[in-house]
Amino acid sequence: MEEKFYTSTEAAKITNCSRRQLQYWREKGIIVPTVNTTGKGRNVYYSKADLLALAVMEQLLSIGLNFEVCHAALETLREEEPWLFEPSVTQKQMKRLMFLARRSQGQLLRIAEFDKQVALEALCQGQTVIPLWCDHVHQQLRDNLQSYVK
């Protein structure tokens, strides 16, 4: 089965990001499209894995996190939870995650499977807790793709 690719315009509509965000993230090397990574001309195409990365960034930005924290969170996910960006991941493989950040350590992000008790303890110790429901990110992207195709 051949993989489908999406233009910048399509990727923006599907992920609720602006084309300017996509361009900026591409220029900064944060989310680089799979096809024509230079971003020159009209043939820039994003894979479904790229769309997942865009959806994660959009999700994190939408809850009010600043750009630097979102970028750090995305990089942490890419390193520690690469399965998240695999389009073929099944619903049963999904996890609910949380980022833990200690302000005194310069927003050092640590990722863990979500646990309500651990989250509460971290909050009581002055840490920032950022939940990320991977199943919701994947489902939202699936829904947006279905709506876009119709």
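Residues numbered from 1 in each chain as written. Predicted model: local features only at pLDDT ≥ 70, side-chain atom pairs only at ≥ 80, totals over all residues. Heavy atoms only, no water.

## As for the overall build of the chain
Looking only at helices and strands, one finds six helices and five strands in the chain. A buried classification covers 41% of the 150 residues belonging to the chain. Within the chain, counting contacts between residues at least 6 apart in sequence, those at least 24 apart form 58% of the total. With an accessible surface of roughly 8800 Å², the chain has 49% of that area assigned to carbon and sulfur atoms. (Helix = DSSP H or I, 4+ residues; strand = E, 2+ residues; numbered from the N terminus. Buried < 20%, exposed > 50% of the residue type's maximum accessible area, 1.4 Å probe, protein only. Contact = heavy atoms within 4.5 Å. Areas by Shrake-Rupley, 256 points an atom, 1.4 Å probe, with all protein chains shown as cover.)

## Focus: the nonpolar core
One finds Ile31, Leu51, Leu54 and Leu77 to be the most contacted residues of the largest nonpolar core, which totals 41 residues. Put simply, the parts of the chain that give this core at least two residues each are helix H1 (8–15), helix H2 (19–27), helix H3 (48–62), helix H4 (67–80), strand S3 (96–102), strand S4 (108–113), strand S5 (128–133) and helix H6 (134–149). Counting residues per element, this core draws most heavily on H3, which supplies eight residues. One finds Met98, Ala112, Ala119 and Ala122 within the second-largest nonpolar core, a separate group that totals six residues. (Core = buried A, V, L, I, M, F, W, Y, C linked by side-chain atoms within 4.5 Å.)

## Re the packing of aromatic side chains
Counting across every chain of the model gives two aromatic pairs. Between Phe114 and Trp133, the ring centres sit 4.8 Å apart and the planes meet at 80 degrees, which makes this aromatic pair edge-to-face. On the criterion of sequence distance, the pair formed by Phe114 in the loop between S4 and helix H5 (116–124) and Trp133 in strand S5 is long-range, its members being 19 residues apart. Classification of Trp133 by relative accessible area gives partly exposed; the value is 23%. (Phe/Tyr/Trp six-rings, centres within 6.5 Å; stacked < 30°, edge-to-face > 60°.)

## So, the confidence of the model for the chain
Overall, the prediction assigns the chain a mean pLDDT of 86, with 89% of residues at 70 or greater. The least confident element of the chain is S4, whose mean pLDDT is 84; the most confident is H5, at 95. (pLDDT = per-residue confidence, 0-100.)

## Some words on H3
Since the α-helix advances by 3.6 residues per turn, residues separated by three or four positions end up pointing in the same direction. The end-to-end C-alpha distance of H3, which contains 15 residues, comes to 20 Å, matching closely the 21 Å that a straight helix rising 1.5 Å per residue would cover. Taken together, the buried positions of H3 are Asp50, Leu51, Leu52, Ala53, Leu54, Ala55, Val56, Met57 and Leu60. Its side-chain oxygen placed 3.4 Å from the backbone nitrogen of Ala49, Ser47 serves as the N-cap of H3. (Expected span 1.5 Å × (residues − 1). Polar contact = N/O pair within 3.5 Å; in protein donor to acceptor, adjacent residues only side chain to side chain.)

## Notes on the side chain of Glu10
On the secondary structure map, Glu10 appears in helix H1. Put simply, Glu10 is tucked away with no salt bridge, and the nearest opposite charge, on Lys4, sits 4.7 Å away. (Lys, Arg positive; Asp, Glu negative; His and termini not counted. Salt bridge = Lys/Arg side-chain N within 4 Å of Asp/Glu carboxyl O.)

## Focus on H5
The backbone nitrogen of Gln117 has a side-chain oxygen 2.9 Å away, supplied by the residue at the start of H5, namely Asp115. One or two positions beyond H5, positive phi appears at Gly126, with a value near 85 degrees.

## With respect to the environment of Leu97
Looking at the element boundaries, Leu97 is found in strand S3. Owing to a relative accessible area of 1%, Leu97 belongs among the buried residues under this scheme. In sequence terms Leu97 and Asp115 are 18 residues apart; their C-alpha atoms lie 8.3 Å from each other. Setting aside residues up to four positions removed in sequence, Leu97 forms contacts with Leu77, Glu81, Trp83, Ile111, Ala112, Glu113, Phe114, Ile130, Pro131, Leu132, Trp133 and Cys134.

## Considering the pairing of S3
Most of S3 is tucked away: five of the seven residues are buried. Taken together, the six bridges between S3 and S5 define a ladder with antiparallel strand orientation. Within the sheet, the bridge partner assigned to Phe99 lies in S5 and is Ile130. (Pairing = 2+ DSSP bridges.)

## Some thoughts on the packing of H2 against H3
Between H2 and H3, the least distance of the axes is 12 Å, while the angle of their chain directions is 110 degrees. The angle between H2 and H3 falls in the class roughly perpendicular. Classified by chirality, the crossing of H3 by H2 is right-handed. Note on element contacts: H3 touches H2 through Leu54, Met57 and Leu61, opposite Gln21, Leu22 and Trp25. Per-class residue counts for the contact of H2 with H3 are five nonpolar, one polar and no charged. (Axes fitted to C-alpha atoms, helices over the stretch in contact; angles between N-to-C directions. Parallel < 35°, antiparallel > 145°, perpendicular 65-115°, else oblique. Left-handed = near helix turned anticlockwise from the far one by under 90°. Nonpolar A, V, L, I, M, F, W, Y, C, P; charged D, E, K, R; others polar.)

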